[in-house]
Amino acid sequence: MSAAWSTVALGDILTERRETPSEIDILSGEIRIVDKVSFNDGRIHLRQSQETKTGMILVRPGDILVSGINAAKGAIAIHDAEASEPLAATIHYGAYHADESRTFPKFLWWLLRSNFFRDLLSRHVPGGIKTELKSKRLMPIPIPLPSLDEQCRIVARIEELAAKVEEARELRLLATEEAGALLSSYLGATFRKLATQHPVHPLGELSSHIIDGPHQTPTYLPDLDGVPFVTVRNMVTGRLSFDNLKYISREDHQEFTRRCRAERGDVLYSKDGATKGRPCIVDTDAEFSFFVSVALIKPLRDRLDGRYLTHLLNSSWIKDRMIDKSRGDMIPHIVLREIRAFPVPLPSLEEQRRVVAELDALQSKLDSVKALQAETTAELDALLPAILDKAFKGEL
């Protein structure tokens, strides 16, 4: 901390607002209720319902709102000083008015959401960051307090750097999305070209089975003593993952797989909701069952390679068709009938495998780019906390 800065207790510059909202104003919607404060950006989210069974506090425009339970995770907000109405929050929050003759509220907001302050909590609050942060624990905590001009300068510098970090984050996300779209487009062009050179068959003619999972909610086992039960979250990389699995009994597994069992070389395909259209090659001999939102496609081994089919299902040619044929308004899904009708350009198995080798090499390059971007994401995530640490040590 800079030697020129003073140290004050938070209680010297913050006053707890001990007001309660009118029940009539809450029920009428005149005063909205805080649902939560986001950890990552400290934004206030409001409830849709005005009903409450918990005691409430009043939060006036300009107040600093501190979550007693999640303050150490960043759940600290400033109610818009330009707002025309106060808010209500449960008694697990605290509302505080800052003495603006001594402190800039935005300076406190950044300080209270920093790792620097998290360390102060660990040192000065009995029970540390796991203790609900009530006023009596918050107010005695000592913090560094530079002059108002210096506070304003620090906030301006933090927000300048935070904007650059966010811009870099958005560019990284855009690059990832564009790389994925580019691959899908390239796949689409590949299979459209193949369709001009080879016969095109509906997928149903090239598969022994195209079925979905059981149309009932299984009973999950409380431990790992059972058969893996696969959902879409186990298919996100294009290969089957057995991480974070649920498990079902062997009796349920036998019932669910009575019609057909997944085997190496088959393809799983998500068909419901926002994750519809994700294919996944089965590259394991392990037994598993799968959810109703997942379709199992068993290509005829002497005609259609499962890896070739996986690339086809990932292509823009099929994705565009899948979007056009999706059913439902609230939860769009694609029906098995449409999956069976997907067009498949059918070269020889030897040619299919040549195409697979080429596309696998391209996918590998994309995976390498994504891995580098994931490392960049981790670096960006660490950058803002590092900026805040320097800021409140007087080094920014």
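Here, the structure is the one placed above.
The structure displayed is predicted, hence computed values, not measured ones.

Thresholds, definitions, all that
Sequence order as written defines residue numbering, which begins from 1 separately in each chain. The predicted nature of this model means local features are confined to residues of pLDDT at least 70 and side-chain atom pairs, given and counted, to a pLDDT of 80 or more, with totals for whole chains, interfaces and linings taken over all residues. Note: side-chain values were computed over all heavy atoms of the structure, leaving out hydrogens and water. Secondary structure follows DSSP: runs of H or I at least 4 residues long count as helices, runs of E at least 2 residues long count as strands, and numbering of each begins at the N terminus. Throughout, the radius of gyration refers to the C-alpha atoms, and the reference size of a globule is 2.2 Å times the residue count to the power 0.38. Note on definitions: a residue-residue contact is assigned when non-hydrogen atoms from the two residues lie within 4.5 Å. Strand pairing is defined by DSSP finding a minimum of two bridges between the two strands. Axis definition: a line fitted to C-alpha atoms, limited for helices to the stretch in contact. Angles are taken between N-to-C directions and run from 0 to 180 degrees. Only protein chains enter the area calculation, which uses a 1.4 Å probe; residues under 20% of their type maximum are buried, those over 50% are exposed, and those in between are partly exposed. Roughly parallel covers angles under 35 degrees, roughly antiparallel covers those over 145, roughly perpendicular covers 65 to 115, and oblique covers all other angles. Crossing handedness: left-handed means the near helix sits turned counterclockwise from the far one by under a right angle, and right-handed means the same turn made clockwise. Under the grouping applied here, Gly and all other residues not named as nonpolar or charged are polar, the nonpolar ones being Ala, Val, Leu, Ile, Met, Phe, Trp, Tyr, Cys and Pro and the charged ones Asp, Glu, Lys and Arg. Whether two aromatic rings pair depends on their centres lying within 6.5 Å, for rings of Phe, Tyr and Trp, where Trp uses its six-membered ring; planes under 30 degrees apart make the pair stacked, over 60 edge-to-face, and the rest tilted. Among buried residues, those of type Ala, Val, Leu, Ile, Met, Phe, Trp, Tyr and Cys that are joined through side-chain atoms within 4.5 Å constitute a nonpolar core. Note on terminology: disulfide denotes any pair of cysteine sulfur atoms within 2.5 Å. Within this document, salt bridges are pairs made up of a side-chain nitrogen of Lys or Arg and a carboxyl oxygen of Asp or Glu, the two lying within 4 Å of each other.

1. A look at the overall build of the protein
Part 1: Of the regular secondary structure elements, the protein holds 11 helices and 19 strands.
Part 2: Here the protein has a C-alpha radius of gyration of 28 Å; the compact-globule value for 396 residues is 21 Å, and the former is much larger.
Part 3: Dimensions of the protein, computed from the C-alpha atoms along their principal axes, are close to 80 × 45 × 40 Å.
Part 4: A separation threshold of at least 6 residues defines the contact pool for the protein, and within that pool the share at least 24 residues apart is 75%.

2. Concerning the sheet that holds strand S7 (residues 76-78)
Part 1: Across the sheet, 4 strands lie side by side as S2-S9-S6-S7; this open sheet has antiparallel pairing. The open sheet has two free edges, formed respectively by strand S2 (14-16) and S7, since each of these has just one partner strand. In this sheet, neighbouring strand axes are inclined to one another by 30 degrees on average, regardless of whether the strands run parallel or antiparallel.
Part 2: Sheet topology note: the strand S6 (residues 64-67)/S7 ladder contains 3 bridges and is antiparallel.

3. Overview of the environment of arginine 239
Part 1: With respect to the helices, strands and loops of the structure, arginine 239 is situated in the loop between strand S13 (227-230) and strand S14 (246-248).
Part 2: By relative accessible area, which is 46% here, arginine 239 ends up partly exposed.
Part 3: On a C-alpha basis, the gap between arginine 239 and threonine 310 in space is 9.9 Å, while along the polypeptide they are 71 residues apart.
Part 4: When near neighbours in sequence (up to four residues on either side) are disregarded, arginine 239 contacts Asn234, Cys280, Ile281 and Asp283.

4. Some points on the packing of helix H8 (residues 306-314) against helix H11 (residues 349-392)
Part 1: Axis separation between H8 and H11 bottoms out at 9 Å; the angle between their running directions is 55 degrees. Relative to H11, the element H8 is oriented oblique. Here the hand of the crossing between H8 and H11 comes out left-handed. Touching Arg307, Tyr308 and His311 of H8 are Gln352, Arg353, Val355, Val356, Leu359 and Asp360, all from H11.
Part 2: Of the residues contributing to the contact of H8 with H11, the split by class is 4 nonpolar, 2 polar and 3 charged.

5. Observations regarding the sheet that holds S13
Part 1: Across the sheet, 3 strands lie side by side as S14-S13-S17; this open sheet has mixed pairing. The open sheet is flanked by S14 and strand S17 (289-290), the only strands paired with a single partner.

6. Quick notes on the packing of aromatic side chains
Part 1: By the definition in use, this model includes 9 aromatic pairs.
Part 2: Measuring from centroid to centroid gives 6.0 Å for tyrosine 269 and phenylalanine 342, while their planes differ by 85 degrees, and the two rings are edge-to-face. Of the two residues, tyrosine 269 sits in strand S15 (residues 267-270) while phenylalanine 342 sits in the loop between helix H10 (336-340) and strand S19 (343-345), which places them 73 residues apart along the sequence.
Part 3: When its relative accessible area of 0% is taken as the criterion, phenylalanine 342 is described as buried.
Part 4: One aromatic cluster is present, formed by Tyr220, Phe229, Phe256 and Phe291 through successive ring pairs.

7. Some remarks on the nonpolar core
Part 1: Core analysis: the largest hydrophobic core is formed by 35 residues, its most contacted members being Leu10, Leu108, Phe117, Ile143 and Phe392.
Part 2: At 6 residues, helix H3 (residues 105-112) tops the list of elements feeding residues into this core.
Part 3: Residues within four places of phenylalanine 392 in sequence aside, it is in contact with Trp5, Phe107, Trp110, Leu111, Ser114, Phe116, Pro144 and Ile158.
Part 4: Counting 31 residues, the second-largest nonpolar core is a separate cluster that includes Leu206, Trp317, Ile318 and Leu359.

8. A word on the packing of H3 against H11
Part 1: Interhelical geometry of H3 versus H11 gives an angle of 120 degrees and a closest axis separation of 10 Å. In this view, H3 runs oblique relative to H11, as classed from their interaxial angle. H11 is crossed by H3, and the crossing has left-handed handedness. For the pair H3 and H11, the contacting residues are Phe107, Trp110 and Leu111 in the first and Leu384, Leu388 and Phe392 in the second.
Part 2: Partitioned by chemical class, the residues of the contact of H3 with H11 number 6 nonpolar, no polar and no charged.

9. Concerning the side chain of threonine 231
Part 1: Turning to its location among the elements, threonine 231 is positioned in the loop between S13 and S14.
Part 2: Using a relative accessible area of 18% as the deciding quantity, one classes threonine 231 as buried.
Part 3: When near neighbours in sequence (up to four residues on either side) are disregarded, threonine 231 contacts Phe291 and Val294.

10. Examining the state of the cysteines
Part 1: The tally for this structure, following the rule as stated, stands at 0 disulfides.
Part 2: Looking at cysteine 260, it has no disulfide partner, and the nearest cysteine sulfur is the one in cysteine 280, 16 Å off.
Part 3: Taking the relative accessible area as the measure of exposure, cysteine 260 reaches 7% and is therefore buried.

11. Some details on the pattern of salt bridges
Part 1: Within the structure shown, the criterion is met by 26 salt bridges.
Part 2: With a shortest N-O distance of 3.2 Å, arginine 307 and aspartate 305 are connected by a salt bridge.
Part 3: For aspartate 305, a relative accessible area of 9% translates into the label buried.
Part 4: A salt bridge links glutamate 395 to lysine 390; the shortest N-O distance between them is 3.9 Å.
Part 5: For glutamate 395, a relative accessible area of 51% puts it in the exposed group.

12. Notes on unusual backbone geometry
Leave glycine aside and you will find that most residues have negative phi; peptide bonds, for their part, are mostly trans.
Part 1: Positive phi outside glycine occurs at asparagine 244, with the angle close to 50 degrees.
Part 2: Looking at asparagine 244, the relative accessible area reads 64%, which means it is exposed.

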